[in-house]
Amino acid sequence: MLVLGIETSCDETGVALYDTQQGLLGHTLHSQINMHRDYGGVVPELASRDHIRQVLPLIAQLFEQTKTSLHAIDAIAYTQGPGLAGALLTGASIGNALAFAHNIPALPIHHLEGHLLSPLLSDPAPTFPFAALLVSGGHTQLMRVTDIGQYELLGETVDDAAGEAFDKTAKLLGLDYPGGSLLAELATQGQPKRFKLPRPMLHSHDLNFSFSGLKTAAALLINKQEMDAQTRADVALAFEEAITDVLVKKSVTALKTTGLQQLVVAGGVGANSRLRQKLQHQLVDTAVTVFFPELEFCTDNGAMIALAGALRLQQLNTLPPPANGSFTVKARWNLADL
């Protein structure tokens, strides 16, 4: 079965084709970073309008690259939520309209499910069950993934997500939007152990996170310093060390608690090289295998949505009814409710 995936939950427009026999055939992506940079963050109305401009040309480009067409598609998977309501409506309406016009099913997909399953696009890929650290811009969660659609929340952030803390602290350091990756790059020039920041909830005896206090501690540190180039790099390193220490400790605890021997790290922060290094070092002498998506699949993308749709279809063993033109989006949507 051949599935077209459409992702428009925030500021990246992604489309992809996934075949249940051949795997990922191709994907294309348009990022809105340059458009939102002048505003220091995502402007929802601008995001929605840009998705409208980009989706159909990207689909046409994808079909040209893969030498296929809509007539060959068995189903269309689209991100139903969570995300920006207007942005979600763009992908949902186009996906459902195309499915209705071609008399094929339209499959609503949870955005975070796409992230959780994205390491399955790699080789080697994890097998069920596994533990997952989901660290994207707006989410920090530890999950037990038993099978497609079977997700148990083990712990989550009680305030800011890791990605939010990265971006907010980057802004305090005077870095451009989006700042998380720029902060990580700046940290490579930092002097280790010059500054030490707190590790929130490191010893909380649960699997929850909290990063707003770490951001505040970083702000207080910045305000006390004469911020030359080296000091900025040293603060960036201290912040990155603190946040990755917490993510690694909680992930290891989750593995011990569940007895699982596979860990998947997914979401934008999963691209952070320091986090990857620490996890691999921490688990090198254990039976645990850590899986990371390819860097191109860490951020929002259509490939993970097409994959999730294809896996859902395989579970059903038959095609659901064709789209009837009716659809909804969910700006807020708990993954555990699937």
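Model, not experiment: these values are computed from the prediction.

Asks: Explain the domain arrangement of the protein chain to me, using residue names and the numbers behind them.
Replies: Domain annotation of the protein chain identifies domain 1 (2–117 + 298–315) and domain 2 (127–292). A C-alpha centroid distance of 27 Å is found between domain 1 and domain 2. Opposite the 17 residues of domain 1 that make contact, domain 2 presents 23 residues. Surface buried jointly by domain 1 and domain 2 totals about 1500 Å² across both partners, of which 70% is contributed by carbon and sulfur atoms. Of all residues in domain 1, Leu112, Leu116 and Cys298 bury the most surface against domain 2, accounting for 40% of the area lost on that side. Between the two partners, domain 1 and domain 2, sit zero salt bridges. Our count for the domain 1 to domain 2 interface comes out at five residue pairs in polar contact (both at pLDDT 80 or more). Among the secondary structure elements, those contributing two or more residues to the side of domain 1 that touches domain 2 are helix 1 (33–37), helix 4 (111–117) and helix 10 (302–316).

Asks: Mind laying out the pairing of strand 3 (residues 23–31), listing which residues take part and the relevant values?
Replies: Walk down a regular strand and you will see the side chains alternate between the two sheet faces. Of the strand pairs in this sheet, strand 2 (residues 12–19) and strand 3 are connected by eight bridges, and their pairing is antiparallel. Across the sheet, the residue bridging to Glu12 is Ser31, located in strand 3. From the end of strand 2 to the start of strand 3, which pair antiparallel, there are three residues.

Asks: Explain the packing of helix 2 (residues 44–66) against helix 3 (residues 85–101) to me, and be specific about the residues and the numbers.
Replies: Taken N-terminus to C-terminus, the directions of helix 2 and helix 3 make an angle of 30 degrees; their axes are 8 Å apart at the nearest point. You can see that helix 2 and helix 3 cross each other, and the crossing is right-handed. Within the contact between the two elements, helix 2 uses Ser48, His51, Ile52, Val55, Leu56 and Ile59 and helix 3 uses Gly86, Ala87, Thr90, Ile94 and Leu98. Of the residues belonging to the contact of helix 2 with helix 3, the class tally is seven nonpolar, four polar and no charged.

Asks: So what about the pattern of salt bridges? Which residues, and what values?
Replies: If you walk through the whole model with that rule in mind, you get ten salt bridges. Among the ionic pairs, Arg194 bridges to Asp234, the shortest N-O distance being 2.7 Å. Remark: Asp234 occurs in helix 8 (residues 229–258) and Arg194 occurs in the loop between helix 6 (179–187) and helix 7 (212–224); sequence separation between them is 40 residues. Judged by its relative accessible area of 39%, Arg194 falls in the partly exposed class. Judged by relative accessible area, which is 1%, Asp234 ranks as buried. The structure contains a network of salt bridges with shared partners spanning Arg199, Glu241, Asp245, Arg274 and Lys278.

Asks: Could you give an account of the environment of Leu84, with specific residues and numbers?
Replies: Position of Leu84 relative to the elements: it lies in the loop between strand 4 (75–81) and helix 3. Overall, the relative accessible area of 24% leaves Leu84 in the partly exposed class. A sequence separation of 59 residues divides Leu84 from Leu25, and the C-alpha atoms of the two residues are 28 Å apart. If near-sequence neighbours (up to four positions away) are discounted, Leu84 is found in contact with Ser9, Cys10, Val42, Pro44 and Ala47.

Asks: Tell me what's going on with the pairing of strand 1 (residues 2–7), and back it up with residues and numbers.
Replies: Within strand 1, six of the six residues are buried, which leaves it mostly tucked inside the rest of the structure. Two strands pair when backbone bridges link them, and strand 1 and strand 2 are joined in this way by six bridges, in the antiparallel orientation. Bridging across to strand 2, Glu7 finds its partner in Gly14. Connecting strand 1 to the antiparallel partner strand 2 that follows it, the hairpin turn spans four residues. The pairing of strand 1 with strand 4 spans four bridges and is parallel.

Asks: Please give an account of helix 3 that cites residues and values.
Replies: For helix 3, which comprises 17 residues, the first-to-last C-alpha distance of 24 Å matches the rise-based estimate of 24 Å (1.5 Å per residue) to within 8%. Of the positions making up helix 3, those classed as buried are Ala87, Leu88, Thr90, Gly91, Ala92, Ile94, Gly95, Asn96, Leu98 and Ala99. Positive backbone phi, at 60 degrees, marks Asn103, one or two positions downstream of helix 3.

Asks: Hey, could you go over the sheet that holds strand 6 (residues 130–135) for me, with residue numbers and the actual values?
Replies: An order of 8-7-6-9-10 is seen for the five strands of this open sheet, with the pairing classed as mixed. The sheet is open, and its two borders are formed by strand 8 (150–156) and strand 10 (289–291), each paired with just one other strand. Pairs of neighbouring strands in the sheet enclose a mean axial angle of 25 degrees, with direction left out of account. Summarising the sheet, strand 6 and strand 7 (residues 140–147) pair through six bridges and their orientation is antiparallel. Paired with Leu134 across the strands is Gln141, a residue of strand 7. Helix 8 contacts strand 6, strand 7, strand 8 and strand 9 (262–266) of the sheet and is inclined by roughly 30 degrees relative to strand 7.

Asks: Before we move on, can you summarise the UniProt feature "domain: Gcp-like" (unreviewed entry) in the protein chain with the specific residues and values?
Replies: When the UniProt feature table is mapped onto this chain numbering, "domain: Gcp-like" (unreviewed entry) sits at residues 24–306. Helix makes up 46% of residues 24–306 and strand makes up 17%, while its end C-alpha atoms are separated by 8 Å.

Quick notes on the rules
Residues numbered from 1 in each chain as written. Predicted model: local features only at pLDDT ≥ 70, side-chain atom pairs only at ≥ 80, totals over all residues. Heavy atoms only, no water. Domains from an automatic or database assignment. Contact = heavy atoms within 4.5 Å. Buried area = accessible area lost by both parts, 1.4 Å probe. Salt bridge = Lys/Arg side-chain N within 4 Å of Asp/Glu carboxyl O. Polar contact = N/O pair within 3.5 Å; in protein donor to acceptor, adjacent residues only side chain to side chain. Helix = DSSP H or I, 4+ residues; strand = E, 2+ residues; numbered from the N terminus. Pairing = 2+ DSSP bridges. Axes fitted to C-alpha atoms, helices over the stretch in contact; angles between N-to-C directions. Left-handed = near helix turned anticlockwise from the far one by under 90°. Nonpolar A, V, L, I, M, F, W, Y, C, P; charged D, E, K, R; others polar. Buried < 20%, exposed > 50% of the residue type's maximum accessible area, 1.4 Å probe, protein only. Expected span 1.5 Å × (residues − 1). UniProt positions renumbered as here; feature names shortened; annotations may be inferred.

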